[in-house]
Amino acid sequence: SATGSVQNVTSFPGLNGAPRFSPDGQKLAITLSKDGNPEIYVMDTRSRALQRVTNHFAIETEASWTPDGNSLVFTSDRSGGPQIYRQSLATGAIERLTFDGNYNARASMTPDGRFLAMVHQDAGGFQIAVQDLERGSFSILTDTPLDESPSIAPNGIMVIYATLDRGRGVLGVVSIDGRVKVRLPSSVGEVREPAWSPFMF
């Protein structure tokens, strides 16, 4: 809040997790298991009115917003393993976005809606990958064995993510085309779960 006070948004029985604010800050996408298995809900931040978005026997989680705020991109295992789907909030139409490999999760979309960054699993472990939604191309951006939590910069060019360096949790940054890779040093402790600020400073 503007005062800096902490507010409890949800406290339903079961899972209350993976919150993401809409681009205009007026809604919150969240995963709740209050009605059984984990599903995606959208909450109006002012009225606290709750709308159930997904309704499937599979696990639905990790929702993020498309830049226009009209759809959600989320992880679901409805196809037998974690893959990324997009659902229109107006029509309820669902589209599967990822088909490369057996595991794609934690999606984050560029501000122009063209690229989708995600955690991808292959024989070498978990890497950060990107899919060009216009051309359909799929690229693995990192080559370390345990990369997670991708977050795309507001300029749509760089992806920050968590990784391991000599057994310690550190942050990495990679360009959306994979050409630039940087490790961010941390002199103290472990670093995990990065997220870009909405504004570049």
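Check the entry above for the structure.
Because the structure is a prediction, the values reported are computed rather than measured. (Residues numbered from 1 in each chain as written. Predicted model: local features only at pLDDT ≥ 70, side-chain atom pairs only at ≥ 80, totals over all residues. Heavy atoms only, no water.)

## Considering the overall build of the chain
Turning to step 1, where the next piece is worked out: From N to C terminus, the chain includes 0 helices and 16 strands.
Turning to step 2, where the next piece is worked out: For the chain, whose C-alpha radius of gyration is 17 Å, the value lies close to the compact-globule estimate of 17 Å for 201 residues.
Turning to step 3, where the next piece is worked out: Taking the principal axes of its C-alpha atoms as reference, the chain extends roughly 45 × 40 × 30 Å.
Turning to step 4, where the next piece is worked out: Considering only intrachain contacts with a sequence separation of at least 6, the fraction spanning at least 24 residues in the chain is 28%. (Helix = DSSP H or I, 4+ residues; strand = E, 2+ residues; numbered from the N terminus. Rg over C-alpha atoms; globule rule 2.2 N^0.38 Å. Contact = heavy atoms within 4.5 Å.)

## Re the environment of histidine 120
Turning to step 1, where the next piece is worked out: Tracing the sequence through the fold places histidine 120 in strand E10 (residues 115-122).
Turning to step 2, where the next piece is worked out: Residue histidine 120 is classed as buried on the basis of its relative accessible area of 4%.
Turning to step 3, where the next piece is worked out: Those residues within four positions of histidine 120 in sequence are excluded, and the remaining contacts are Asp100, Gly101, Tyr103, Asn104, Gly125, Phe126, Gln127, Ala129, Phe138 and Ile140.
Turning to step 4, where the next piece is worked out: Reaching out from histidine 120, the side chain makes a polar contact with the side chain of asparagine 104 at a distance of 2.8 Å. (Buried < 20%, exposed > 50% of the residue type's maximum accessible area, 1.4 Å probe, protein only. Polar contact = N/O pair within 3.5 Å; in protein donor to acceptor, adjacent residues only side chain to side chain.)

## Considering the sheet that holds strand E3 (residues 39-44)
Turning to step 1, where the next piece is worked out: With antiparallel pairing, 4 strands are arranged side by side in an open sheet as E1-E2-E3-E4. Looking at strand neighbours, the two that pair on one side only are strand E1 (16-21) and strand E4 (50-52), the edges of this open sheet. Recorded for the sheet is a direction-independent mean angle of 25 degrees between the axes of neighbouring strands.
Turning to step 2, where the next piece is worked out: With 3 bridges joining them, E3 and E4 adopt antiparallel strand pairing. By the bridge assignment for E4, tyrosine 41 is matched with arginine 52. (Pairing = 2+ DSSP bridges. Axes fitted to C-alpha atoms, helices over the stretch in contact; angles between N-to-C directions.)

## Considering the pattern of salt bridges
Any two side chains of opposite charge can pair, on the condition that their charged atoms come close.
Turning to step 1, where the next piece is worked out: If you walk through the whole model with that rule in mind, you get 10 salt bridges.
Turning to step 2, where the next piece is worked out: In this structure, arginine 78 and glutamate 60 form a salt bridge, with 2.3 Å as the shortest nitrogen-oxygen distance. Of this pair, arginine 78 sits in the loop between strand E6 (71-76) and strand E7 (83-88) while glutamate 60 is found in strand E5 (residues 60-65), placing the two residues 18 residues apart along the sequence.
Turning to step 3, where the next piece is worked out: Looking at arginine 78, the relative accessible area reads 24%, which means it is partly exposed.
Turning to step 4, where the next piece is worked out: One continuous salt-bridge network, built from bridges that share partners, spans Lys34, Asp35, Glu39 and Arg52. (Salt bridge = Lys/Arg side-chain N within 4 Å of Asp/Glu carboxyl O.)

## Some points on the side chain of threonine 66
Turning to step 1, where the next piece is worked out: Mapped onto the elements of the fold, threonine 66 is located in the loop between E5 and E6.
Turning to step 2, where the next piece is worked out: Residue class for threonine 66 comes out buried when judged on its relative accessible area of 6%.

## Describing the side chain of serine 64
Turning to step 1, where the next piece is worked out: Residue placement: serine 64 occurs in strand E5.
Turning to step 2, where the next piece is worked out: The exposure class assigned to serine 64 is buried, which follows from its relative accessible area of 2%.
Turning to step 3, where the next piece is worked out: A polar atom in the side chain of serine 64 sits 3.2 Å from the backbone oxygen of alanine 107.
Turning to step 4, where the next piece is worked out: Excluding anything up to four places from it in sequence, serine 64 contacts Arg20, Ser71, Leu72, Val73, Ala107 and Ser108.

## Focus: the nonpolar core
Turning to step 1, where the next piece is worked out: Counting 11 residues, the largest nonpolar core is built from Phe115, Ala117, Val119, Ile128, Val130, Leu141, Ile152, Val159, Tyr161, Val174 and Ile176.
Turning to step 2, where the next piece is worked out: Secondary structure elements with two or more residues in this core: E10, strand E11 (125-132) and strand E14 (158-165).
Turning to step 3, where the next piece is worked out: By size, the runner-up hydrophobic cluster in this structure holds 9 residues, among which are Ile40, Val42, Ala63 and Phe74. (Core = buried A, V, L, I, M, F, W, Y, C linked by side-chain atoms within 4.5 Å.)

## What about the sheet that holds strand E9 (residues 104-109)?
Turning to step 1, where the next piece is worked out: One open sheet accounts for 4 strands, arranged E9-E10-E11-E12; its pairing is antiparallel. Edge strands, defined here as strands with exactly one partner in the open sheet, are E9 and strand E12 (138-140). Sheet twist, expressed as the mean angle between neighbouring strand axes with direction ignored, is 25 degrees.
Turning to step 2, where the next piece is worked out: As paired elements, E10 and E11 share 8 bridges and run antiparallel to each other. Within E11, the position partnered with histidine 120 by the bridge is glutamine 127.

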